[in-house]
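# Understanding the architecture of this molecule
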Amino acid sequence: MKYILRKNPIIPALRTSEDVDNVTKLKDRVVFLLETSVGRYQDYVRKLKDAGHIVFVHADLIKGLKMDEYGFEFILTERPSGIISTHKSTLEWAKKQGLMQIYRIFMIDSEALRNGEQLIRSTRPDFVEILPGLVMLSLEIDFGFPLIAGGLISRKDHVDELLKRGIFAVSTSNKNLWYN
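Below or above, wherever it landed, is the structure these notes cover. Bear in mind the structure is a predicted one, so any value in this text is a computation, not a measurement.

Right, let's talk about helix 6 (residues 110-123) for a bit. When the terminal C-alpha atoms of helix 6 are compared, their 20 Å separation across 14 residues agrees well with the 20 Å that a helix rising 1.5 Å per residue should span. By the burial criterion, the buried members of helix 6 are Ala112, Gly116, Ile120 and Thr123. With its buried residues spanning 75° around the axis, helix 6 presents them on a single face. Contacts from the buried residues of helix 6 go to helix 5 (88-96), strand 7 (100-106) and strand 8 (127-131). In this structure Asp109 caps helix 6, since a side-chain oxygen of it lies 3.2 Å from the backbone nitrogen of Glu111.

The subject of this paragraph is the packing of helix 5 against helix 6. Where helix 5 meets helix 6, the axes come as close as 11 Å, and the angle between the chain directions of the two elements is 20°. Judged by the angle between their axes, helix 5 and helix 6 are roughly parallel. Like other packed secondary-structure pairs, helix 5 and helix 6 cross with a definite hand, here right-handed. Between helix 5 and helix 6, the contacting residues are Lys88, Leu91 and Lys95 on the first element and Leu119, Ser122 and Thr123 on the second. Along the lines of polarity and charge, the residues of the contact of helix 5 with helix 6 split into 2 nonpolar, 2 polar and 2 charged.

Moving on to the pairing of strand 9 (residues 147-150). The side chains of a regular strand alternate between both faces of the sheet. Where burial is concerned, the two faces of strand 9 agree: the one with Leu147 and Ala149 and the one with Ile148 and Gly150 are both buried. Where strand 8 and strand 9 come together, 3 bridges link them in parallel fashion. Its bridge partner being in strand 9, Glu129 is matched across the sheet by Ile148. The pairing of strand 9 with strand 10 (residues 169-172) spans 3 bridges and is parallel. In the sheet register, Gly150 faces strand 10, and the bridge partner there is Ser171. In this fold, strand 9 hands off to helix 7 (residues 156-164), which returns the chain to strand 10; that crossover is right-handed.

Charged atoms that come close allow side chains of opposite charge to pair. Scanning the entire structure with this criterion turns up 13 salt bridges. Measuring nitrogen to oxygen at the nearest pair gives 3.9 Å for the salt bridge that ties Glu35 to Lys63. A residue pair is termed long-range when its members are at least 10 positions apart, and Glu35 in the loop between strand 2 (30-33) and strand 3 (36-37) and Lys63 in strand 5 (residues 62-63) qualify at 28 residues. Note that Arg46 is salt-bridged to Glu78, the shortest N-O span being 3.3 Å. Linking Arg46 in helix 3 (residues 41-50) with Glu78 in the loop between helix 4 (69-75) and strand 6 (82-85), this pair joins segments that are 32 residues apart in sequence. Exposure remark for Glu78: the relative accessible area of 12% places this residue in the buried category.

Reading guide: rules and limits
- In this numbering scheme, every chain counts its residues from 1 along its sequence in written order.
- Reporting of local features is limited, given that this is a predicted model, to residues whose pLDDT is at least 70; pairs of side-chain atoms are given and counted only at 80 or more, and all residues count toward the totals for whole chains, interfaces and linings.
- No hydrogens and no water enter the side-chain calculation; it runs on all heavy atoms of the structure.
- Counting from the N terminus, the helices are DSSP H or I runs at least four residues long and the strands are E runs at least two residues long.
- Each residue after the first adds 1.5 Å to the expected span of a helix.
- Accessible area is worked out with a 1.4 Å probe on protein chains only. A residue is then buried under 20% of its type maximum, exposed over 50%, and partly exposed in between.
- Each direction from the helix axis to a C-beta atom contributes to the arc, which is the arc of those directions.
- Residue contacts follow a heavy-atom distance rule, with two residues in contact if any of their heavy atoms lie within 4.5 Å.
- Distance and chemistry together define a polar contact, namely a pair of N or O atoms within 3.5 Å, with one atom able to donate a hydrogen and the other to accept it when in protein, and with adjacent residues in sequence counting only for side-chain atoms on both sides.
- Fitted lines through C-alpha atoms serve as axes, helices being fitted only where they are in contact, and the angles separating the N-to-C directions of these axes extend from 0 to 180 degrees.
- Each angle is binned into one of four classes, with values under 35 degrees roughly parallel, values over 145 roughly antiparallel, values of 65 to 115 roughly perpendicular, and all other values oblique.
- Take the far helix as your reference; a near helix turned counterclockwise from it by less than a right angle gives a left-handed crossing, and one turned clockwise gives a right-handed crossing.
- Only Asp, Glu, Lys and Arg are considered charged in this grouping, and only Ala, Val, Leu, Ile, Met, Phe, Trp, Tyr, Cys and Pro are considered nonpolar; every other residue, Gly among them, is considered polar.
- Being paired, for any two strands, means DSSP has found at least two bridges between them.
- The crossover handedness rule: strands pointing away from the viewer, path from first strand over the helix to second strand clockwise, crossover right-handed.
- By definition, a salt bridge exists where a carboxyl oxygen of Asp or Glu is found within 4 Å of a side-chain nitrogen of Lys or Arg.

Spelled out as structure tokens, the structure:
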């Protein structure tokens, strides 16, 4: 996965069926399936995997799914490469299943930074996604895990500056940036 992100550090963040259809035209990418429902989940993940993509599913945003033992079982019906979550228990489950994990943190204040740092150290995810990603242009944070900047990133110069600052990848729903 790190090889693919070095080659294509812009991660398409998918929210609609149109997004899923558009990204299947790209080759070998890491993609984030941010919004889906229990009715569409398997079809979307299968379609993305068939297109050669590494699929991360945001478990907290699957409509109609409760993240309990049955919700976890449902996710495995069409196994993604990894899970995105803001919840420690979901990431711990993903790790036990051999799935990659992305811990998503909302940087709203210094307390969120402190709490996020503690959770990251105890959870030890594969990646940490910081939202809004543009905050990384003014902060220097090193959690000891590869960082992904996401949210509010709409321009190529933002992407370039974040990557220069050592951010490993950038996730965005801006389709224009997917093709750069």
